[in-house]
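Report on the structure
For reference, the chains in residue letters:
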Amino acid sequence: MKTVLSSEWLKLRSVNSTYHAIGAAALTVVLGIAWTLYVAALADERGTLRAAAPEQGFLPLVQMSLAVLGVLTITSEYATGMVRTTLVAVPKRSTLLLAKAGIIGMATFVAANAILLLTYATSRLIANGRHLGFNQVSFTDDLPMLLASGLSVTALALVGAGLGTAIRSTAGAIMSVVALLFVLPGVVTYLPAPWNTRVATLLLPNLVPQMAGERLSSRLGDGFLPPWAALAVLLAYPLVALAVGYYELRRRDA
């Protein structure tokens, strides 16, 4: 297993797509700086305002960029035919998929948290005591949201890997991730109440605030999972995606 992990780590860091995906995610830092400068200028004019925290506002960019990395880790091998060589070297497909998932999870967790923490730190430094809303809370209070955000990125990257294994198409797997992240939350709003809010609590984009203890709806009993339940639902997404991917990996030839 150690040799397989080393091999997957070598493959991940030796392709340009890895750096392109992480670079796209790292644009969050630049956008966060630009956003903070903009709202700081407004605050200088108005005295105070409530603006969205940049590490939360631009979180979908980090999620989508690193989900693409998860997809490409699998589908690029199918596109080039490299998967045949990989399966000859590692005939036990469960070991191969676990190694890929482990490397993807480790890389995206570290990258996501580094990007989010850097965005957080730079925005608070630029705010410099201005009342911008998002900088009125201590780092300790913001930490659950930051950790939940980082976990959501890792979960999406693993979902991408599982879907990439099952679908074997880069475009198809990316579109599936886009549907989970952006399309389904919009569709659910058209469900009759209270099912729209109740179903929304289970959707991937809404799990981050619930893991940090925030409520999606002001109505008692609607729109809230306790943090442990939200975490369990978040973990279920990559587990299901990887299980489906493993089933398809075993069932079909490379």
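Residues numbered from 1 in each chain as written. Predicted model: local features only at pLDDT ≥ 70, side-chain atom pairs only at ≥ 80, totals over all residues. Heavy atoms only, no water.

**A short note on the overall build of the protein chain**
For the record, the criterion: Counting from the N terminus, the helices are DSSP H or I runs at least four residues long and the strands are E runs at least two residues long. Here the globule rule is a power law, 2.2 Å times the number of residues to the power 0.38, and the radius of gyration is based on C-alpha atoms. When a residue's accessible area, from a 1.4 Å probe over protein chains only, is under 20% of the maximum for its type it is buried; when over 50% it is exposed; and in between it is partly exposed. The criterion used for residue contact is that any of the two residues' heavy atoms lie within 4.5 Å. When charges are counted, Lys and Arg contribute as positive and Asp and Glu as negative, whereas His and the chain ends are disregarded. Every charge is mapped to an atom, namely NZ of Lys, CZ of Arg, CG of Asp or CD of Glu.
Tallying secondary structure elements over the protein chain gives eleven helices and zero strands in all. Going from the N terminus to the C terminus, the protein chain shows its helices and strands as α-α-α-α-α-α-α-α-α-α-α. Expected size for 254 residues packed as a compact globule is a radius of gyration near 18 Å; at 20 Å, the protein chain falls within 12% of this value. Counting only C-alpha atoms, the protein chain reaches 65 × 40 × 30 Å along its principal axes. Residues counted as buried form 47% of the 254 residues belonging to the protein chain. By sequence separation, contacts in the protein chain at least 24 residues apart represent 74% of the contacts at least 6 residues apart. Of the side-chain charges in the protein chain, 18 are positive and 11 negative, and the distance between the mean point of each set is 11 Å.

**Re the nonpolar core**
Applicable threshold: To qualify as a nonpolar core, a set must consist of buried Ala, Val, Leu, Ile, Met, Phe, Trp, Tyr and Cys residues joined through side-chain atoms within 4.5 Å.
The biggest cluster of nonpolar side chains holds 44 residues, and the ones touching the most others in it are Val62, Leu66 and Tyr237. Setting aside residues up to four positions removed in sequence, tyrosine 237 forms contacts with Val159, Leu180, Leu202, Leu203, Leu204 and Leu207. If you look at the next biggest cluster of nonpolar residues, it comprises 16 residues, including Leu87, Ala101, Ile104 and Leu249.

**Thoughts on the packing of aromatic side chains**
The geometry of two aromatic rings is summed up by the distance between their centres and the angle between their planes. The line we're drawing: Whether two aromatic rings pair depends on their centres lying within 6.5 Å, for rings of Phe, Tyr and Trp, where Trp uses its six-membered ring; planes under 30 degrees apart make the pair stacked, over 60 edge-to-face, and the rest tilted. By definition here, charges over rings are those cases where NZ of Lys or CZ of Arg is within 6 Å of the ring centre and within 35 degrees of the ring normal.
The final tally for this structure, using the stated rule, is two aromatic pairs. An angle of 40 degrees between the planes, with centres 6.0 Å apart, marks the rings of tryptophan 35 and tyrosine 38 as tilted. Of the two residues, tryptophan 35 and tyrosine 38 both sit in helix H2 (residues 16-46), three residues apart, roughly one turn of that helix. Note on tyrosine 120 and phenylalanine 139: the rings are 5.5 Å apart at their centroids and 70 degrees apart in plane angle, and the pair reads as edge-to-face. Taken as a pair, tyrosine 120 in helix H6 (residues 93-127) and phenylalanine 139 in helix H7 (residues 139-167) lie far apart in primary sequence, 19 residues in all. The class for tyrosine 120 is buried, based on a relative accessible area of 8%. Over the aromatic face of tryptophan 195 sits the side chain of arginine 198, whose NZ or CZ is 5.5 Å from the ring centroid.

**Points about the pattern of salt bridges**
What counts, and what does not: A side-chain nitrogen of Lys or Arg and a carboxyl oxygen of Asp or Glu constitute a salt bridge if their distance falls within 4 Å.
For the structure shown, the criterion picks out eight salt bridges. We note a salt bridge from glutamate 8 to lysine 11, for which the minimum N-O separation is 3.0 Å. With glutamate 8 and lysine 11 both in helix H1 (residues 2-13) and three residues apart, this pair spans about one turn of that helix. The buried category is assigned to glutamate 8, whose relative accessible area is 5%. By sharing partners, the salt bridges in this structure join Glu8, Lys11, Glu77 and Lys100 into a single network.

**Quick look at helix H10 (residues 204-211)**
Burial analysis of H10 places seven of its eight residues in the buried class, which makes it a mostly covered element. Looking at H10, one finds that the buried residues are Leu204, Asn206, Leu207, Val208, Pro209, Gln210 and Met211. Check the buried side of H10 and you find it contacts helix H3 (54-57), helix H4 (59-80), H7, helix H9 (195-200) and helix H11 (227-251). Where H10 ends, the next residue or the one after it, glycine 213, has phi of about 90 degrees, a positive value.

**Description of the side chain of threonine 119**
With respect to the helices and strands, the residue threonine 119 is situated in helix H6. Ignoring any residue separated from it by four or fewer positions in sequence, one finds threonine 119 in contact with Thr28, Val29, Gly32, Pro54 and Glu55.

**Section: a nonpolar patch on the surface**
To be explicit about the condition: In this scheme, patches are assembled from residues that exceed 30% relative accessible area and form no salt bridge. Like charges are connected within 9 Å, while nonpolar side chains (Val, Leu, Ile, Met, Phe, Trp, Tyr) are connected within 5 Å. Each accessible area value is a Shrake-Rupley result obtained with a 1.4 Å probe; residue values ignore everything except the protein chains displayed when judging cover.
Taken together, the side chains of Trp9, Met106, Phe109, Val110, Leu151, Leu231, Leu235 and Leu239 define a hydrophobic patch exposed on the protein surface, amounting to about 710 Å² of accessible area. Locating tryptophan 9 in the fold gives a position in helix H1.

**Some words on the confidence of the model for the protein chain**
Using the following cut-off: A residue's pLDDT is simply how confident the predictor is in it, with values from 0 to 100.
Chain-level statistics for the protein chain give a pLDDT mean of 89 and a share of 96% at 70 or above. H7 holds the highest mean pLDDT among the elements of the protein chain, 94, whereas helix H5 (residues 82-89) holds the lowest, 80.

**Regarding the layout of surface pockets**
What counts here: Cavities and pockets are found on a 1 Å grid laid over the protein atoms alone: a cavity is a set of points where a 1.4 Å probe fits but cannot escape, a pocket is an open set with protein on both sides within 12 Å along at least five of seven lines, and a lining residue has an atom within 4 Å of such a point. Grid points are joined across faces, edges and corners, and a volume is the space filled by probe spheres set on the points. Here the nonpolar group is Ala, Val, Leu, Ile, Met, Phe, Trp, Tyr, Cys and Pro; Asp, Glu, Lys and Arg are the charged ones; every other residue, Gly included, is treated as polar.
What the largest pocket holds in volume is close to 490 Å³. If you trace the largest pocket, you find 26 residues lining it, with Ala53, Gln56, Met145, Pro209 and Glu214 closest to the centre. Those elements giving two or more residues to the lining of the largest pocket turn out to be H3, H4, H6, H7, helix H8 (170-188) and H10. Of the residues forming the lining of the largest pocket, the biggest block, five residues, is contributed by H7. Residue classes in the lining of the largest pocket are distributed as 17 nonpolar, three polar and six charged. For the second largest pocket, the calculated volume is near 190 Å³. Those elements giving two or more residues to the lining of the second largest pocket turn out to be H1, H2 and H4. Among the elements that line the lining of the second largest pocket, the one with the most residues is H4, at six residues. Broken down by class, the residue content of the lining of the second largest pocket amounts to five nonpolar, six polar and four charged.

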